[in-house]
Amino acid sequence: MSQDAEVGLRQDGIIGYMDFPRDVTAQTREAAYRAYTELARAKLSVVVMNFTDSDYLNSAGIGLVISLVEDAVQAGRRVYALGLSSHYRKLFGMVGLTERMTLVRDESELRDLLAPTAPAESSSAA
Amino acid sequence: MTTPALSGDALTGLPTVEISLPGLPGFEKVAREAAALVARHMGFSPDRVEDLKTAVAEACLNAVEHGNGGDTGSRVQVILRAAATRLEVSVNDRGVTPLPDPLPPPGLPNRTRGWGLFFIVGLMDEVAFQRLPEGGNRVCMVIHLQQPSVLFPSPAAEIGPVVAGSGPVEAPPSTSAESANGVSLETLAPETTQDGPANADTPSAIVPA
């Protein structure tokens, strides 16, 4: 079964958004790292992993997120996960991701969290 | 890929769904959706249905990648058995790579892989990992309904536990060795199947959540 494995990348001030596809699996790895490398080159200090369109994350996909989060945290970036369902929030907690990244429900909550550090940049977030 | 077939179990008369999946990544979603459909009909809550979907998908992926050794010509058999207060899902493969016993710590060999069994154990009410006498692996997972399913209102419409005899449906005892990931792992007596006892030498472990 083929699937769209592309990971979109948007920049909004100091914030880099990684827009994950519907399926987040082992097949997503290459695209996700391509996007993350681009984001790292731009020296963005905040990474937002956007799962709003994702409805299937398997263990390999969650392992990929773990790997990306570890890289980002080691580089001193703050990492947020946006748009996860309650089930995947639970799975992120089970693997310890919630200790390394902040889960936010929507863009509004994200803007509130980032407001003290990036008040001007968050205005054009998609 | 075959179309899921709904039929009555030969011995219990309870609905059984059997699915034969191709050994390709992505087709685990067929089993995942079929299990979800049955679970919703039985009255499981949305949260529990999501738990089941993840566990079934991970068991199928494990079967494709490890149990069938990545051989795309080998198939994965998925059997759903619905009863009054439980749904049992078995995932069978060729057993090219035996299921680990005891379970490895999660996140190995590196942090990016190795979480599948961890999710299965963490999300299901009962899990049994078995080597089949005829060869092959079987992962058997059970989730329990708090209230009897509206599909099977009669208490008589029940099947026994997945493993270890034919007593009432209840979580197995959890006194045993603890694996490196902190999940208790228990070796059980040989399984009694509908065809009689399974091979006594067959390793079998059950993990209560």
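Please refer to the structure placed before this passage.
Asks: Sorry, what's going on with the overall build of chain A here?
Replies: Looking only at helices and strands, chain A features four helices and seven strands. Starting at the N terminus, the α and β elements of chain A follow one another as β-β-β-α-β-β-α-β-α-β-α. When the accessible surface of chain A is split by element, carbon and sulfur atoms take 47% of a total near 5600 Å².

Asks: What is the right way to look at the overall build of chain B in this model?
Replies: Regarding its fold elements, chain B presents three helices and 10 strands. Each helix and strand of chain B, placed in order from N terminus to C terminus, yields the pattern β-β-α-α-β-β-α-β-β-β-β-β-β. Burial status across chain B gives 54% buried among its 209 residues. Contacts in chain B between residues at least 24 apart in sequence constitute 65% of all its contacts with a sequence separation of at least 6. Here chain B displays about 9200 Å² of accessible surface, and carbon together with sulfur accounts for 56% of that area.

Asks: Would you mind showing me how to read the environment of B:Pro102 here?
Replies: Within the fold, B:Pro102 resides in the loop between strand E4 (86–92) and helix H3 (116–123). As for B:Pro102 and B:Phe129, which are separated by 27 residues in sequence, their C-alpha atoms are 9.9 Å apart.

Asks: Explanation requested: the interface of chain A and chain B in the structure shown.
Replies: Interfaces are often described in size by the accessible area the parts lose on coming together. Taken together, the 21 residues of chain A in the interface contact 23 residues of chain B. Both sides together, the interface formed by chain A and chain B hides about 1900 Å², and carbon and sulfur atoms give 58% of it. Joining chain A to chain B, the criterion identifies two salt bridges. Where A:Asp23 meets B:Lys29, a salt bridge forms, and the shortest distance between an N and an O atom there is 2.4 Å. Elements represented by at least two residues in the side of chain A that touches chain B include exactly helix H2 (59–74) and helix H3 (86–94) of chain A.

Asks: What exactly am I supposed to notice about the packing of helix H2 (residues 46–67) of chain B against H3(B) here?
Replies: The relative placement of two packed helices comes down to the angle between their axes together with the axis-to-axis distance. Residue and element names in this part refer to chain B. Viewed as axis vectors pointing N to C, H2 and H3 meet at an angle of 145°, and their least axial separation amounts to 9 Å. Both H2 and H3 take part in a crossing whose hand is left-handed. Across the interface between the two elements, Arg48, Asp51, Thr54, Ala55, Glu58, Ala59 and Asn62 of H2 pack against Gly116, Leu117, Phe119, Ile120 and Leu123 of H3. Per-class residue counts for the contact of H2 with H3 are six nonpolar, three polar and three charged.

Asks: So what exactly am I meant to see when it comes to the sheet that holds strand E2 (residues 15–19) of chain A here?
Replies: Pairing between sheet strands relies on hydrogen bonds along the backbone, with the strands arranged either parallel or antiparallel. Residue and element names in this part refer to chain A. Taken together, the five strands give an open sheet; going across it, the order is E1-E2-E4-E6-E7, and neighbouring strands pair in mixed fashion. The sheet is open, and its two edges are formed by strand E1 (8–12) and strand E7 (102–104), each paired on a single side. In this sheet, neighbouring strand axes are inclined to one another by 25° on average, regardless of whether the strands run parallel or antiparallel. With five bridges connecting them, E1 and E2 associate as antiparallel partners. Bridging from a neighbouring strand, Asp12 pairs with Ile15 of E2. Sheet strands touched by helix H1 (residues 29–41): E1, E2 and strand E4 (46–50). Its angle to E2, the strand with the most contacts, is close to 170°.

Asks: Help me understand the packing of H3(A) against H2(B) in this model?
Replies: In the contact formed by H3(A) and H2(B), the axes pass within 10 Å of each other and the chain directions differ by 60°. By the angle class used here, H3(A) and H2(B) are oblique. The two elements H3(A) and H2(B) meet at a crossing, and its hand is right-handed. Contact residues: H3(A) offers A:Ser86, A:His87, A:Lys90 and A:Leu91, while H2(B) offers B:Asp47, B:Glu50, B:Asp51 and B:Thr54. Tallied by class, residues from the contact of H3(A) with H2(B) come to one nonpolar, three polar and four charged.

Asks: So what exactly am I meant to see when it comes to the nonpolar core here?
Replies: The nonpolar side chains of a soluble globular protein tend to be buried, and buried together. With 78 residues, the main nonpolar core has A:Met18, A:Met49, A:Phe51, A:Phe92, B:Val78, B:Leu87 and B:Met141 as its most contacted residues. Among the elements that line this core, the one with the most residues is H2(B), at 10 residues. When neighbours within four sequence positions are excluded, B:Met141 is seen to be in contact with B:Ala55, B:Val56, B:Ala59, B:Leu87, B:Glu88, B:Val89, B:Val91, B:Ile120, B:Met124 and B:Glu126. Ranked by size, the runner-up nonpolar core spans nine residues in total, among them A:Tyr17, A:Val48, A:Tyr80 and A:Leu110.

How each quantity is defined
- Residues numbered from 1 in each chain as written.
- Chains lettered and ligands numbered in written order.
- Predicted model: local features only at pLDDT ≥ 70, side-chain atom pairs only at ≥ 80, totals over all residues.
- Heavy atoms only, no water.
- Helix = DSSP H or I, 4+ residues; strand = E, 2+ residues; numbered from the N terminus.
- Areas by Shrake-Rupley, 256 points an atom, 1.4 Å probe, with all protein chains shown as cover.
- Buried < 20%, exposed > 50% of the residue type's maximum accessible area, 1.4 Å probe, protein only.
- Contact = heavy atoms within 4.5 Å.
- Buried area = accessible area lost by both parts, 1.4 Å probe.
- Salt bridge = Lys/Arg side-chain N within 4 Å of Asp/Glu carboxyl O.
- Axes fitted to C-alpha atoms, helices over the stretch in contact; angles between N-to-C directions.
- Left-handed = near helix turned anticlockwise from the far one by under 90°.
- Nonpolar A, V, L, I, M, F, W, Y, C, P; charged D, E, K, R; others polar.
- Pairing = 2+ DSSP bridges.
- Parallel < 35°, antiparallel > 145°, perpendicular 65-115°, else oblique.
- Core = buried A, V, L, I, M, F, W, Y, C linked by side-chain atoms within 4.5 Å.

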